[in-house]
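Structural description and commentary
So the chains spell out like this:
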Protein chains: 6
Amino acid sequence: MKIMHHLTRVEFENNSDKVVVLPIGSTEQHGPHLPLGVDSYIAEDIAKHLAKVTDIIIAPTITYGYKSKPLSGGGPLFKGTIDLNGETLIHLVTDILCKFARDGFNKIFIENAHFENQAFIEEAMDLATAQFPKLKVVQSNWWDVLDQKTVDEIFKDVPFPGWALEHAAITETSLMMYLEPDLVRTELMPTEVKAQALPYSVYPARHDLVPDCGVLASPVGSTKEKGKLIVDKAIEGFIKIFKKEFN
Amino acid sequence: MKIMHHLTRVEFENNSDKVVVLPIGSTEQHGPHLPLGVDSYIAEDIAKHLAKVTDIIIAPTITYGYKSKPLSGGGPLFKGTIDLNGETLIHLVTDILCKFARDGFNKIFIENAHFENQAFIEEAMDLATAQFPKLKVVQSNWWDVLDQKTVDEIFKDVPFPGWALEHAAITETSLMMYLEPDLVRTELMPTEVKAQALPYSVYPARHDLVPDCGVLASPVGSTKEKGKLIVDKAIEGFIKIFKKEFN
Amino acid sequence: MKIMHHLTRVEFENNSDKVVVLPIGSTEQHGPHLPLGVDSYIAEDIAKHLAKVTDIIIAPTITYGYKSKPLSGGGPLFKGTIDLNGETLIHLVTDILCKFARDGFNKIFIENAHFENQAFIEEAMDLATAQFPKLKVVQSNWWDVLDQKTVDEIFKDVPFPGWALEHAAITETSLMMYLEPDLVRTELMPTEVKAQALPYSVYPARHDLVPDCGVLASPVGSTKEKGKLIVDKAIEGFIKIFKKEFN
Amino acid sequence: MKIMHHLTRVEFENNSDKVVVLPIGSTEQHGPHLPLGVDSYIAEDIAKHLAKVTDIIIAPTITYGYKSKPLSGGGPLFKGTIDLNGETLIHLVTDILCKFARDGFNKIFIENAHFENQAFIEEAMDLATAQFPKLKVVQSNWWDVLDQKTVDEIFKDVPFPGWALEHAAITETSLMMYLEPDLVRTELMPTEVKAQALPYSVYPARHDLVPDCGVLASPVGSTKEKGKLIVDKAIEGFIKIFKKEFN
Amino acid sequence: MKIMHHLTRVEFENNSDKVVVLPIGSTEQHGPHLPLGVDSYIAEDIAKHLAKVTDIIIAPTITYGYKSKPLSGGGPLFKGTIDLNGETLIHLVTDILCKFARDGFNKIFIENAHFENQAFIEEAMDLATAQFPKLKVVQSNWWDVLDQKTVDEIFKDVPFPGWALEHAAITETSLMMYLEPDLVRTELMPTEVKAQALPYSVYPARHDLVPDCGVLASPVGSTKEKGKLIVDKAIEGFIKIFKKEFN
Amino acid sequence: MKIMHHLTRVEFENNSDKVVVLPIGSTEQHGPHLPLGVDSYIAEDIAKHLAKVTDIIIAPTITYGYKSKPLSGGGPLFKGTIDLNGETLIHLVTDILCKFARDGFNKIFIENAHFENQAFIEEAMDLATAQFPKLKVVQSNWWDVLDQKTVDEIFKDVPFPGWALEHAAITETSLMMYLEPDLVRTELMPTEVKAQALPYSVYPARHDLVPDCGVLASPVGSTKEKGKLIVDKAIEGFIKIFKKEFN
């Protein structure tokens with residue numbers, strides 16, 4: 001497995017035709033039962049599973065992401081969420097993309113696991129490719145590549161609350177059970193959660209909009225098997241994208 | 001109707017307890033049958049309809065928005081899309097919000113009609129409210145406040161392609177038929193459109209991802225009545241938000 | 001008349017050899033008798049008159065400008081002045097100019113109606129043309145193109161206070177009487193105004209430097225005819241510039 | 001004379017009630033007969049003359065200014081003009097003002113000798129005083145404080161071309177003859193100069209708009225005495241401003 | 001051991017009186033025998049050793065650092081060095097520090113393992129503490145806390161080339177032998193290296209200034225024991241700093 | 001001697017093959033016996049001595065530098081230190097370098113006399129040379145080019161405290177005695193100074209880390225002769241660099 005930080009310069013150089021996978025996560029509260037590193041672990045671990053089936057280079061994970069929002073992550077209302085201003089993330093990702101392009105690595109796949117990052121990552125992709133016309137950057141994430149059948153399977157017992165509220169809920173908890181089981185405090189999973197998606201956003205953030213537990217939908221029903229299913233299906237989806245865009 | 005640019009300074013000052021509605025649109029290609037100003041007209045015209053039923057101040061519309069994306073607007077592949085870098089939009093909206101707050105106007109409703117603007121608007125909301133703790137800013141748009149029944153009504157004859165592909169399609173065309181009928185070239189509506197949403201984004205933009213007509217779903221079936229329905233329901237939704245957040 | 005926001009993408013594309021006129025105004029207090037939108041209305045309305053005599057494309061007006069200054073606009077001392085930081089305006093105009101250039105529109109005329117904007121607009125012109133060598137951008141305004149005879153005619157009855165103090169005074173009031181008569185509160189025109197230009201600037205702004213009414217010279221003597229004269233002469237001036245620079 | 005760079009820390013500390021004069025010039029071509037440092041020398045030398053009659057602290061001169069413009073300085077068309085982007089000058093001046101304020105020096109007089117600097121200096125003044133409410137900053141220059149009688153005296157033999165064209169012309173040449181006589185190449189003064197002010201600006205800069213000599217009005221008629229007159233009158237003007245604003 | 005990404009929000013909250021250690025490394029070529037992640041591994045692994053003897057929270061490592069320089073890291077001349085612009089690093093670290101401060105974590109120790117980061121980290125420390133007066137941030141690294149005796153011990157057999165040239169040389173190789181033995185390609189260590197420190201810097205970077213192997217001094221003589229000695233002494237040094245600054 | 005601000009545009013143009021020396025200093029407290037301009041005077045005066053032996057152009061000195069740090073300059077704890085944010089200095093130097101390159105001056109030597117400037121200057125060098133590939137910029141300072149023999153000679157009577165603590169101490173005091181003798185208050189030299197270098201940095205700055213006098217090592221033992229020795233040796237070093245890099 002070609003983890004970039006394991007490779008010497010020479011080993012790296014010899015792989016400039018490979019796809020570089022750049023995992024991007026966050027440092028964000030994930031309720032009482034999941035650790036602050038959930039998004040970063042998911043991003044990085046899925047990349048490692050992907051590396052078992054296709055020949056990629058895994059770049060170091062970006063572990064600080066854009067600001068968590070109340071109704072997709074609990075936002076700044078809870079401690080432990082250490083996040084970046086929008087401009088900072090734009091510049092961080094732009095610099096990294098440009099440096100890969102300067103070194104002749106022109107196929108980059110950004111695997112994002114923190115929803116709030118997306119618009120700022122895409123701005124960076126636009127700015128970097130404007131500077132390096134040969135550079136091609138694709139961005140995706142594990143939830144967008146799941147097909148309906150998979151979603152139905154995961155939510156066969158409980159209603160699907162919508163992706164926005166799937167924060168520290170069934171999908172992320174299942175993923176962590178499969179990927180980082182030692183970091184899940186199963187006994188602390190909140191059982192009743194009544195967050196409600198809003199058709200608007202409001203600043204400053206307010207406590208009455210988010211459940212006290214910081215979870216947006218109940219994780220009850222999470223299993224290791226569901227986690228494995230998501231990872232397998234995400235990898236299938238990513239491989240399809242690679243075939244279409246990088247081969 | 002209190003259109004801010006019509007008011008004198010004195011008239012404006014006397015309304016500092018009112019909600020300021022800030023419409024944000026774009027300058028973006030909308031296919032062969034709709035004009036470049038669609039998002040700006042929709043944002044501003046709905047604000048004017050809203051002003052008929054509630055006492056608000058309408059701030060000048062921001063008519064240049066964030067970069068159009070291929071699969072939600074055609075992106076930079078078509079001429080006529082004059083859009084802003086992410087940082088520019090963040091600063092533009094932040095400055096405006098801060099100045100309203102400085103003048104004692106602490107209830108601001110951003111009515112956005114260009115999807116790609118949202119993350120950058122919210123970053124501005126966060127930055128401005130951090131500086132002005134008394135300031136409260138709410139952001140919404142016409143599509144997020146529609147209830148399922150309304151969506152079903154609009155798409156009773158054709159399948160709903162998803163909001164991302166609703167670009168220059170039935171909802172926007174219907175809105176323009178109702179709000180700005182003189183600007184719709186009905187005879188030029190593309191009849192067959194085969195855009196497909198992708199579970200990823202890719203830069204630089206590519207022509208094969210977007211239909212040649214620049215429309216992402218067929219506008220056939222658009223009517224003035226559907227436009228009116230959307231406006232009426234959007235206003236209902238906005239009024240509900242106002243009650244909850246500003247009263 | 002080719003108002004860009006009325007044009008479809010295709011209509012726009014077919015006019016890439018035309019001059020794009022970009023009106024820039026402000027949202028700024030203009031005394032008790034004129035509305036906050038004066039500079040934006042003047043900029044946009046003169047562009048429309050210009051479009052009757054020459055084949056141009058009118059881009060959407062920028063309606064938020066650089067900070068009003070006490071002795072040319074009343075500055076931040078009065079409510080209703082919603083203005084931008086210098087850097088924000090530089091980036092806003094730069095982005096817009098660059099996008100027109102990317103689309104092959106290389107003749108741009110910025111018609112500015114808010115004096116304080118000028119230096120920041122010119123910085124944007126410099127930055128954009130450095131990136132797009134084929135791009136040519138001209139900037140002017142209605143007051144700089146008036147000949148001495150016209151100025152004498154307008155001020156035949158009252159002394160000319162200098163352009164800096166012509167804020168919400170005879171020229172702007174006359175222009176609004178001609179261009180937007182419904183927005184002029186003639187009965188509220190201040191009759192005695194004693195602002196005095198200073199040979200220096202001072203920050204923070206202070207109330208004792210500006211008349212309480214927010215007007216810097218008396219508008220008494222304003223007429224619709226003077227407004228028409230200014231518009232006609234401004235257009236004559238602009239046409240001369242177009243001939244010299246764009247043909 | 002309290003030249004800041006001559007003072008020790010202790011001497012400086014003891015003068016926090018004094019006005020700090022910050023001279024700002026440029027590095028800009030000034031025709032064949034004047035050196036590149038004209039604006040910086042004039043700014044600094046007048047400050048030194050001022051220090052003879054009032055108790056001020058002279059801060060180090062800023063010797064790189066905002067971009068020279070073709071019709072007020074020859075612009076980028078001539079070599080030797082080393083100038084700054086607008087944002088750079090804004091930040092440079094803001095940082096300096098804020099540090100003086102942090103050290104308790106709250107009376108700052110910016111003496112500017114390069115016209116193009118003014119808008120960016122004033123933006124810095126606004127930003128710095130917003131951060132330090134006790135800070136008061138005044139900005140002026142030698143030409144704005146001259147009374148009509150003085151201007152008439154200087155131009156008794158030749159017509160006054162307007163301040164914009166007074167670049168490397170009679171006033172600056174006379175000032176240098178008085179302040180830095182060794183740096184004036186009298187024998188190289190251009191005799192016939194036919195620059196013409198334009199009622200617009202155009203980018204990119206073009207050679208046909210500016211005389212080949214880089215001078216915008218003939219310096220013939222310059223004398224040391226006129227230079228002394230300008231300095232004396234400027235100092236009178238500055239003293240008046242100090243009395244009004246700082247005492 | 002309190003690794004922040006392992007902690008739940010609640011566990012994290014309960015430790016706001018602890019010192020947060022923020023390791024900062026880089027992604028930088030380290031010759032033919034060491035991997036690209038050397039600086040990041042050293043920073044993070046020493047933090048983990050430190051956590052065994054004192055009760056700290058380890059924040060996620062920043063794995064992309066400031067630009068490598070030719071004579072302290074090989075610079076941009078070799079592939080695999082993915083680094084950030086100065087402003088990006090300043091903002092990245094500032095944002096992170098400010099968010100910890102917002103959450104009430106006011107004792108932060110930045111453990112830097114990439115020399116070139118230092119000035120930009122310190123700028124961030126200055127900017128963040130200016131915003132959060134209760135925040136205290138200390139920055140150090142493993143080489144500055146070593147005493148002379150330790151340095152002598154490490155270089156008892158070979159001359160000390162100076163810290164600047166200790167890139168991928170004895171100290172870093174020994175550290176990696178102790179901390180990450182599987183990532184050292186001992187058989188590829190260059191034996192003869194003739195880099196020479198220069199009393200100046202020059203841009204753009206040039207190949208003739210840096211040995212072809214990308215190592216600046218021979219790693220021959222590196223041992224696991226020397227690595228352990230450095231770690232032990234660094235931890236001793238850090239503990240001393242903690243006592244002085246945080247207790 | 002070619003001091004740029006003394007040259008006319010034409011004289012400057014004719015020297016585009018020469019090395020431009022850009023001195024960079026600071027405005028920083030230097031104890032009770034040295035003035036605030038020490039770094040700027042040293043930078044500029046050494047450049048003038050250098051100009052006597054080699055044909056260079058001396059650009060205007062940058063007299064405001066990066067933030068003084070407690071343990072290399074006393075930092076913000078003392079009044080009279082007027083310094084710039086890191087980004088401001090980066091942009092200031094980048095702009096200046098780019099303008100020289102635009103004018104065809106591609107050999108620039110930055111002679112820095114304020115240690116804290118270095119990283120930000122080098123960032124500017126990197127950014128400017130990336131834009132202007134023909135541009136070559138070298139940066140050095142008087143202390144890095146001194147050989148060991150010279151250092152030994154200067155510190156033959158007192159121990160060398162290390163360069164970091166050589167602030168307002170023997171080397172700078174000796175240099176000022178030689179270069180600007182009128183600005184040295186010999187009688188105010190602190191005799192006992194007990195600053196201690198720390199193996200870490202800490203923010204915010206604290207008074208207990210720096211001697212009350214603001215000097216970091218005793219200047220007792222400073223002589224004009226030592227100052228001359230440093231200048232002579234620095235010039236020797238610079239000439240060597242010029243030969244290697246610019247000829």
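The preceding data block contains the structure.
Description of the structure in this document. (Residues numbered from 1 in each chain as written. Chains lettered and ligands numbered in written order. Predicted model: local features only at pLDDT ≥ 70, side-chain atom pairs only at ≥ 80, totals over all residues. Heavy atoms only, no water.)

Points about the overall build of chain A
To be explicit about the condition: Helix numbers and strand numbers start at the N terminus; a helix is a DSSP run of H or I with at least 4 residues, a strand a run of E with at least 2. Radius of gyration: over C-alpha atoms. The globule rule applied is 2.2 Å multiplied by the number of residues raised to the 0.38 power. With a 1.4 Å probe rolled over the protein chains alone, any residue whose accessible area is under 20% of its type maximum counts as buried; one over 50% counts as exposed, and the rest are partly exposed. The contact rule is simple, with two residues in contact once any of their heavy atoms fall within 4.5 Å. For accessible areas, the Shrake-Rupley method is used with a probe of radius 1.4 Å. Any residue's cover is judged against the shown protein chains and nothing else. By the counting scheme adopted, Arg and Lys are positive, Glu and Asp are negative, and His together with the chain ends is not counted. Charge placement uses NZ in Lys and CZ in Arg. For Asp and Glu, CG and CD serve respectively.
When helices and strands are counted, chain A shows eight helices and six strands. From first element to last, N terminus to C terminus, chain A shows the α and β order β-α-β-α-β-α-α-β-α-β-α-α-β-α. In terms of overall dimensions, chain A is globule-like: its C-alpha atoms have a radius of gyration of 18 Å, near the 18 Å expected for 247 residues. Expressed along its principal axes, the backbone C-alpha trace of chain A runs to roughly 50 × 40 × 30 Å. Within chain A, buried positions represent 66% of all 247 residues. Pairs at least 24 residues apart make up 78% of the contacts formed inside chain A by residues separated by at least 6 positions. Within the structure as shown, chain A displays about 8400 Å² of accessible surface, and the carbon and sulfur contribution to it stands at 53%. Charge centroids of chain A, computed over 25 positive and 34 negative side chains, lie 5 Å from each other.

Details of the interface of chain A and chain E
Here is the rule we go by: Note on terms: buried area is the combined drop in 1.4 Å-probe accessible area of two parts once they are placed together, counting the loss on both. By salt bridge we mean one thing: a side-chain nitrogen of Lys or Arg within 4 Å of a carboxyl oxygen of Asp or Glu. Polar contacts, as counted here, are pairs of nitrogen or oxygen atoms within 3.5 Å of one another; within protein the pair requires one atom able to donate a hydrogen and one able to accept it, and residues that are adjacent in sequence qualify only if both atoms are side-chain atoms.
Each partner contributes residues to the interface: chain A has 53 residues there, and chain E has 53 residues. For the pair chain A and chain E, the summed buried surface comes to about 4300 Å²; carbon and sulfur atoms form 56% of the total. The largest per-residue losses of area from chain A upon contact with chain E belong to A:His5, A:Arg9 and A:Lys79, which jointly make up 19% of the total buried on that side. Applying the counting rule to chain A against chain E returns four salt bridges. Linking A:Lys99 and E:Asp83 is a salt bridge whose minimum nitrogen-to-oxygen distance equals 2.7 Å. Where chain A packs against chain E, one counts 30 residue pairs in polar contact (both at pLDDT 80 or more).

Some points on the relation of the copies chain B and chain A
Using the following cut-off: The atoms used to superpose the copies are C-alpha atoms, taken from residues with pLDDT of at least 70 in both, and the fit is least squares.
Between chain B and chain A, the superposition needs a rotation of 180 degrees and an axial shift of 0.0 Å, giving an RMSD of 0.0 Å. Those values place the two copies in the arrangement expected of a two-fold rotation axis. Both copies share a contact surface, since 100% of the interface residues of chain B are interface residues in chain A too.

Overview of the relation of the copies chain A and chain E
Between the two copies, chain A and chain E, the superposition gives an RMSD of 0.0 Å; the rotation angle is 180 degrees and the shift along the axis is 0.0 Å. When the interface residues of chain A are mapped onto chain E, 100% of them again lie at the interface, so the same face is used by both copies.

What about the interface of chain B and chain A?
With 35 residues of chain B in contact, the opposing surface of chain A contributes 35 residues. Summing both sides of the interface, chain B and chain A together bury roughly 3000 Å²; the carbon and sulfur share of this comes to 50%. Among the residues of chain B in contact with chain A, B:Glu87, B:Tyr200 and B:Tyr203 are the three that bury the most area, contributing 21% of the side total. Here chain B and chain A share eight salt bridges between them. Linking A:Lys69 and B:Glu122 is a salt bridge whose minimum nitrogen-to-oxygen distance equals 2.4 Å.

A word on the pattern of salt bridges
One pass over the full model with this rule turns up 102 salt bridges over all chains. A:Asp103 is the partner of A:Arg102 in a salt bridge, and the nearest nitrogen-oxygen pair spans 3.2 Å. For E:Asp55, the salt bridge is made with E:Lys2, and the minimal N-O distance between the two is 2.8 Å. Here the residue E:Asp55 occupies a position in the loop between α2 (38-53) and β3 (56-58), and E:Lys2 occupies one in strand β1 (residues 2-3), the gap between them amounting to 53 residues. Residue class for E:Lys2 comes out partly exposed when judged on its relative accessible area of 25%. Here the salt bridges share partners, and the residues they tie into one network are A:Lys2, A:Asp17, A:Lys18 and A:Asp55.

Structural notes on the side chain of B:Ser68
Residues and elements named next belong to chain B. As for its placement among the helices and strands, serine 68 is situated in the loop between β3 (56-58) and α3 (70-73). Here glycine 73 takes part through its backbone oxygen, which lies 3.3 Å from a polar atom of the side chain of serine 68. If we ignore the near neighbours within four places in the chain, the residues touching serine 68 are Glu28, Gly73, Gly74, Gly75, Pro76, Thr81, Asp83, His114 and Glu116.

Observations regarding the side chain of B:Thr61
When you line up the elements, B:Thr61 lands in the loop between β3 and α3. Side chain to side chain, B:Thr61 and B:Glu44 meet in a polar contact 2.6 Å long. Discounting chain neighbours no more than four positions away, the residues touching B:Thr61 are B:Pro23, B:Gly25, B:Ser40, B:Glu44 and C:Thr63.

Describing the packing of aromatic side chains
Quick note on the threshold: The pairing test for Phe, Tyr and Trp rings, Trp by its six-membered ring, is centres within 6.5 Å, and the orientation test on the planes gives stacked under 30 degrees, edge-to-face over 60, and tilted for anything in between.
This structure, assessed with the given rule, holds 69 aromatic pairs over all chains. Between B:Phe155 and B:Phe160 the ring centres are 4.8 Å apart and the planes differ by 50 degrees, which places this aromatic pair in the tilted class. A relative accessible area of 32% places B:Phe160 in the partly exposed class. By the ring-pair criterion, three or more aromatic residues cluster together here, those being A:Trp142, A:Trp143, A:Phe155, A:Phe160 and A:Trp163.

As for the arrangement of the chains
Of all C-alpha pairs spanning chain A and chain D, none lies closer than 17 Å, and the two are not in contact. In this structure chain B stays clear of chain E, and the shortest span between their C-alpha atoms is 12 Å.

So, the pairing of strand β5 (residues 136-140) of chain A
Keep this limit in mind: Any two strands between which DSSP finds at least two bridges are classified as paired. With the strands pointing away from the viewer, any crossover whose connection runs clockwise from the first strand over the helix to the second is right-handed.
Of all the five residues making up β5(A), four are buried; the element is thus mostly covered by neighbouring parts of the structure. Bridge count between strand β4 (residues 107-112) of chain A and β5(A): five bridges; the pairing is parallel. Within the sheet, the bridge partner assigned to A:Lys107 lies in β5(A) and is A:Lys136. For the crossover from β4(A) across helix α5 (residues 118-131) of chain A to β5(A), the handedness is right-handed. As judged from the three bridges shared by β5(A) and strand β6 (residues 201-203) of chain B, these two strands associate in the antiparallel manner. Looking across to β6(B), one finds that A:Gln139 is bridged to B:Ser201.

Quick look at the environment of B:Asp182
Residue position: B:Asp182 is located in the loop between α7 (170-179) and β6. The spacing of B:Asp182 and B:Lys228 is 46 residues in sequence and 16 Å in space, taken between C-alpha atoms.

A closer look at the sheet that holds strand β4 (residues 107-112) of chain D
Spatially, β6(C)-β5(D)-β4(D)-β2(D)-β3(D)-β1(D) is the arrangement adopted by the six strands of the open sheet, whose pairing is mixed. Each edge of the open sheet carries a strand with a single partner, namely β6 (201-203) of chain C together with β1 (2-3) of chain D.

Shape is all these values report; function is a separate question.
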